[in-house]
Amino acid sequence: MVQDTTNHLKSLYVSTVGSEKMSVVFSVTNEPSALIKALGPFQNNNINLTHIESRPLSEDPEKYKFLVNLELSDSQEEQFKKAIEELRGICGKECVQVLSRRDDAASAAGEVPWFPIKISELARFASQILSYGSELDADHPGFTDEVYRKRRKMFADIAFNYKHGEPIPAVEYNADELETWKTVYTKLSSLFETHACKEFQKVWPLLVQNCNYTKDSIPQLQQVSNFLKDCTGFSLRPVAGLLSSRDFLAGLAFRVFHSTQYIRHGANPMYTPEPDVCHELIGHVPLFADPEFAAFSQEIGLASLGAPDEWIEKLATLYWFTIEFGVCMEDGELKAYGAGCISSIKELENCVSSNSKKLPFEVENIVTTSYPITTIQPVYFVAPSFAEAKRKVMEWAQQIPRPFTAHYNPYTQSVELINKRSNCVKMIRDLANEMKTLEDAVMKLVD
């Protein structure tokens, strides 16, 4: 049996040294020595394995799926290609998938940029942030404030040391931070009724009631995360700094939002050069509690998994003009739904003003539009509704060149790759069961 050999193989092949740059997913028949034979190409070509795990293949009970992480140097490119060719000869070409986190991911034929399969794998992003929380640019309002910089490092350390499954550590905010929050909260909340979309306005009082949203206290991420989990299955994960677009979008595929915990500098409470807890909790959180918006956000995340770099850039632009700076029509009036709009006084007033430039929500135009990140947005794309925006995004996402479709399984909190007929058959059966439940419910309804 395959599972009987796993522990033995770990002692032979698995190393804990070095960083994991590559992953390979393959499936083998559940028979004696099948896994040893499949791992032979790696050993024969001196490819070092750093991790291995297995699970049953849901669509074929006679097979097991394995994921191995590799430690691969640039000089081993040809050895790696040879090992993959040998592995495909053993398992079958369609049963081997190469995932890569290297910058030159397209250099080897058949490679797909690495992406997490299980929600716990989001932890791999922690050491791959683009900037650490205390590293401020010279023009940052807190650059010369040593106390503020130490606080930023403290928040970043909390996030950096966070482990999946643990409660997010509570933070005791100091008097200056609470005063900054009070200023931002008070001024923004006075505009929500006239400027924010109805979905936002529906959730806001629930946050006040359930998550301690008041002008005098900054909500704790864990309490807010629990609320979101109950509403839409979304959760928060603390982040130590800026993530790459690929990693950030991947989190959305699992309904996980990477959230900062620090707050902007009090010298200029109406401005922040990077996302902070005001932006996250006031701008993003309310709409993650809305089912339609949560689904829309997740669809963008799922579309990013395994996408080529140029398509990630397009998806990041799409995210910017929707989830960050989205505007929609509501009863004939412009309303903001983007977090960047809702968490900024100037942006919130500008996005619904007749003086700002508005364009129709056409995805092909959106993904080629450049945008500033530290000034007021010069253009907004107006969606008729969340549902229409989601429909257009999903139609556009079908163009992304991937050898599979990504489907999220909420029961296992993992991504399933739909790339075989058997995968489709399983999904059809699952849908059929759901339809039976719906049919039963409809039959019991009283006219």
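The structure contained in this document is the topic of the report that follows. These figures come from a predicted structure and were not determined experimentally.

A short note on unusual backbone geometry
Here comes step 1: Notably, Asn46 is not glycine yet its phi reads approximately 60 degrees, a positive angle.
Here comes step 2: Notably, Arg255 is not glycine yet its phi reads approximately 60 degrees, a positive angle.
Here comes step 3: Examined against the element boundaries, Arg255 turns out to sit in the loop between helix H9 (245–253) and strand S9 (256–259).

Considerations on the packing of aromatic side chains
Here comes step 1: Per the stated rule, a full pass over the model turns up 22 aromatic pairs.
Here comes step 2: Seen in terms of ring centroids, Phe200 and Trp204 are 5.6 Å apart; in terms of plane orientation they differ by 15 degrees. Their pairing is stacked. Placement of both Phe200 and Trp204 in helix H7 (residues 198–210) is noted, with a separation of 4 residues, approximately one turn of the helix. Judged on exposure class, the residue Phe200 and its partner Trp204 are both buried.
Here comes step 3: Aromatic pair Trp204 and Tyr213: ring centres 5.3 Å apart, planes at 90 degrees, arrangement edge-to-face.

Re the pairing of strand S15 (residues 414–418)
Here comes step 1: Counting buried positions along S15 yields 4 of 5 residues, so the element is predominantly enclosed.
Here comes step 2: Bridging between strand S14 (residues 405–409) and S15 involves 5 bridges; their strand directions are antiparallel. Residue pairing for S15: Thr405 is matched across the bridge by Ile418.
Here comes step 3: Between S14 and S15, which pair antiparallel and follow one another directly, the connecting turn spans 4 residues, one of which, Gln413, has a positive phi of 50 degrees.

A closer look at the environment of Gly233
Here comes step 1: With respect to the secondary-structure elements, Gly233 resides in the loop between helix H8 (221–231) and strand S7 (235–238).
Here comes step 2: Along the backbone, Gly233 and Arg255 are 22 residues apart, and their C-alpha atoms lie at a distance of 6.6 Å.
Here comes step 3: If near-sequence neighbours (up to four positions away) are discounted, Gly233 is found in contact with Leu228 and Arg255.

Notes on the side chain of Gln76
Here comes step 1: Relative to the helices and strands, Gln76 is located in the loop between strand S3 (63–71) and helix H3 (77–91).
Here comes step 2: Each residue touching Gln76, except ones within four places of it in the same chain, is listed here: Asn46, Ile47 and Glu71.

Some points on the environment of Pro410
Here comes step 1: Residue placement: Pro410 occurs in the loop between S14 and S15.
Here comes step 2: A residue is classified by how much of its surface remains accessible, and Pro410, at 51% relative accessible area, is exposed.
Here comes step 3: For the pair Pro410 and Phe254, spaced 156 residues apart in the sequence, the C-alpha separation amounts to 8.3 Å.

Re the packing of helix H2 (residues 34–44) against H3
Here comes step 1: At their nearest, the axes of H2 and H3 sit 9 Å apart, and the two run at 165 degrees to each other. Of the possible angle classes, the one that applies to H2 and H3 is roughly antiparallel. In the crossing of H2 with H3, the sense of the turn from one axis to the other is right-handed. On the side of H2, the interface is formed by Lys37, Ala38, Pro41, Phe42 and Asn44, while H3 contributes Ala83, Ile84, Glu86, Leu87, Ile90 and Cys91.
Here comes step 2: Taken together, the residues of the contact of H2 with H3 sort by class into 8 nonpolar, 1 polar and 2 charged.

Examining a nonpolar patch on the surface
Here comes step 1: A surface patch of nonpolar side chains, amounting to about 420 Å² of accessible area, comprises Met435, Leu438, Val442 and Leu445.
Here comes step 2: Looking at the secondary structure, you find Leu445 in the segment after helix H17 (421–444).

A closer look at H2
Here comes step 1: Of the positions making up H2, those classed as buried are Ala34, Leu35, Ala38, Leu39, Gly40, Pro41 and Phe42.
Here comes step 2: At the C-terminal side of H2, Asn46 shows a positive phi close to 60 degrees.

Examining the pattern of salt bridges
Here comes step 1: For the structure on display, the rule yields 12 salt bridges.
Here comes step 2: Arg391 serves as the salt-bridge partner of Glu395, at 2.7 Å between the closest nitrogen and oxygen. Separated by 4 residues within a single helix, Glu395 and Arg391 lie in helix H16 (residues 386–397), roughly one turn from each other.
Here comes step 3: On the basis of relative accessibility, which here comes to 45%, the residue Glu395 falls in the partly exposed class.
Here comes step 4: Accessibility expressed as a relative area gives 38% for Arg391, which makes it partly exposed.
Here comes step 5: Each of the salt bridges in this network shares a partner with another, and the network as a whole consists of Lys182, Lys215 and Asp216.

Describing the state of the cysteines
Here comes step 1: Taken as a whole and judged by the stated rule, the model has 0 disulfides.
Here comes step 2: In this structure Cys328 is not part of a disulfide, and its nearest cysteine sulfur, from Cys197, lies 5.3 Å away.
Here comes step 3: Classification of Cys328 by relative accessible area gives buried; the value is 5%.

What counts and what doesn't
Residues numbered from 1 in each chain as written. Predicted model: local features only at pLDDT ≥ 70, side-chain atom pairs only at ≥ 80, totals over all residues. Heavy atoms only, no water. Helix = DSSP H or I, 4+ residues; strand = E, 2+ residues; numbered from the N terminus. Phe/Tyr/Trp six-rings, centres within 6.5 Å; stacked < 30°, edge-to-face > 60°. Buried < 20%, exposed > 50% of the residue type's maximum accessible area, 1.4 Å probe, protein only. Pairing = 2+ DSSP bridges. Contact = heavy atoms within 4.5 Å. Axes fitted to C-alpha atoms, helices over the stretch in contact; angles between N-to-C directions. Parallel < 35°, antiparallel > 145°, perpendicular 65-115°, else oblique. Left-handed = near helix turned anticlockwise from the far one by under 90°. Nonpolar A, V, L, I, M, F, W, Y, C, P; charged D, E, K, R; others polar. Patch = residues over 30% accessible without salt bridge, like charges linked within 9 Å, V, L, I, M, F, W, Y side chains within 5 Å. Areas by Shrake-Rupley, 256 points an atom, 1.4 Å probe, with all protein chains shown as cover. Salt bridge = Lys/Arg side-chain N within 4 Å of Asp/Glu carboxyl O. Disulfide = S-S within 2.5 Å.

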